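Chain by chain, the residues:
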Amino acid sequence: MPHSVTEEQVVAYRRDGFVRIPGIIGADDAARYAKAALAAGERQKDVPPDPAFTHVMQLWKQDETLRELTLSPVLAAAATALAGIPLRLYHDHLMIKEPHNGAATEFHQDQPYWPHLGSRHSLSAWVALVDVPATRGCMTFIPGSHLLDGRHRQDLRDADNLMRAAPELVWKPRVTVPLRAGDCTFHHSLTAHSASPNLTDDPRIAHVVVYMDADTLYDPRRRPVGEPLVEPADPTAGVPFPDGEFPPLP
């Protein structure tokens, strides 16, 4: 299956920790997925709201239309080319930032939240299902911050939380990446990133697909996205992620 990344994009991703891939899905497909995403968001209205956005995880198990996007072979091939190692699906994550939502998602890294042991590489595909200009909650990245490891889980509501832990990032350049519907960014799980408030009249709709090293072990000491099949006698040893719940990429 061909992927939508060039050698230059691979080099940029490995240097900076993120890359924009324009038009990874077509405009018609983006509109179809956006409609399914809004319907999925409506089904969550009885869940206590997050002040930053409506979010739903593991839709590939619940919604046939969004399953198609999560399991897209084009996304998978692009992720594998960028990472340079075999990968498996970790989870998907629909994020809808409502109109006139003034809550920003502050700078953070993803990896500290995940129960992974021995991971060589993990990354996320952040697919815009609508146009996401700077005023609608697009992403900002700190290039090169994926080289910064060993930090705690950061507070997404505290603008200075990551900066206190890594003061060297305070004066680093930031790159804001607006997207058209169907574009996506891939970012390394250690790349510091944030998202601005949605100041527009329309929802920001993004579908995120997270990939991890196919050989990653589940750390039972930390909260998982899905339950492993067995618990290890030695909790520091970890266990393989079950293929049925976390399928390896073809």
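One can find the structure itself at the top, above this paragraph.
Below is a short write-up of the structure. (Residues numbered from 1 in each chain as written. Predicted model: local features only at pLDDT ≥ 70, side-chain atom pairs only at ≥ 80, totals over all residues. Heavy atoms only, no water.)

Regarding the overall build of the protein
Move 1: A count of helices and strands for the protein gives 5 helices and 13 strands.
Move 2: Per-residue burial over the protein gives 52% buried out of 250 residues.
Move 3: Of the contacts made within the protein by residues no fewer than 6 positions apart, 84% connect residues no fewer than 24 positions apart.
Move 4: Element-wise, carbon and sulfur atoms account for 56% of the exposed surface of the protein, whose accessible area totals about 11300 Å². (Helix = DSSP H or I, 4+ residues; strand = E, 2+ residues; numbered from the N terminus. Buried < 20%, exposed > 50% of the residue type's maximum accessible area, 1.4 Å probe, protein only. Contact = heavy atoms within 4.5 Å. Areas by Shrake-Rupley, 256 points an atom, 1.4 Å probe, with all protein chains shown as cover.)

Topic: the sheet that holds strand β5 (residues 116–117)
The strands making up a sheet associate through hydrogen bonds between their backbones, and the pairing can be parallel or antiparallel.
Move 1: Ordered by their spatial adjacency, 3 strands build an open sheet running β5-β12-β13, and the pairing between neighbours is antiparallel. Of all strands in the sheet, those bounded by a partner on one side alone are β5 and β13 (239–240).
Move 2: In the sheet, strand β12 (residues 217–218) pairs with β13 via 2 bridges, with the strands oriented antiparallel. If you follow Y218 over to β13, its bridge partner there is V239. (Pairing = 2+ DSSP bridges.)

Digging into the sheet that holds strand β8 (residues 175–177)
Move 1: The 4 strands lie next to each other as β4-β10-β7-β8, forming an open sheet whose pairing is antiparallel. Edge positions in the sheet fall to β4 (105–108) and β8, since each has one partner strand and no second. Strand-to-strand, the axes of this sheet are offset by a mean angle of 20 degrees, without reference to chain direction.
Move 2: Alignment of strand β7 (residues 139–141) against strand β10 (residues 193–195), held across 3 bridges, turns out to be antiparallel. Paired with M139 across the two strands is A195, which belongs to β10. (Axes fitted to C-alpha atoms, helices over the stretch in contact; angles between N-to-C directions.)

Some remarks on the packing of aromatic side chains
Move 1: Enumeration over the complete set of coordinates arrives at 6 aromatic pairs.
Move 2: Each ring, one from Y218 and one from F241, has its centre 5.9 Å from the other, and the planes form 70 degrees; the classification is edge-to-face. Placement of Y218 in strand β12 and of F241 in the segment after β13 is noted, with a sequence separation of 23 residues between them.
Move 3: Three or more aromatic residues joined by ring pairs form one cluster here, namely Y90, W114, Y218, F241 and F246. (Phe/Tyr/Trp six-rings, centres within 6.5 Å; stacked < 30°, edge-to-face > 60°.)

What about the nonpolar core?
Move 1: Membership of the largest hydrophobic core comes to 63 residues, with the highest contact counts inside it found for L75, L123, W126, L129, F186 and Y211.
Move 2: Looking at this core element by element, the count peaks at 7 residues for strand β11 (residues 204–213).
Move 3: Membership of the second largest hydrophobic core comes to 8 residues, among which are F107, A166, L169 and A192. (Core = buried A, V, L, I, M, F, W, Y, C linked by side-chain atoms within 4.5 Å.)

Focus on the side chain of T200
Move 1: In this fold, T200 is placed in the loop between β10 and β11.
Move 2: Assessed through its relative accessible area of 13%, T200 is described here as buried.
Move 3: One polar contact links T200 to R136, side chain to side chain, over a distance of 3.0 Å.
Move 4: One polar contact links T200 to N198, side chain to side chain, over a distance of 2.7 Å.
Move 5: Contact partners of T200, with chain neighbours within four places excluded, come to P99, H100, T135 and R136. (Polar contact = N/O pair within 3.5 Å; in protein donor to acceptor, adjacent residues only side chain to side chain.)

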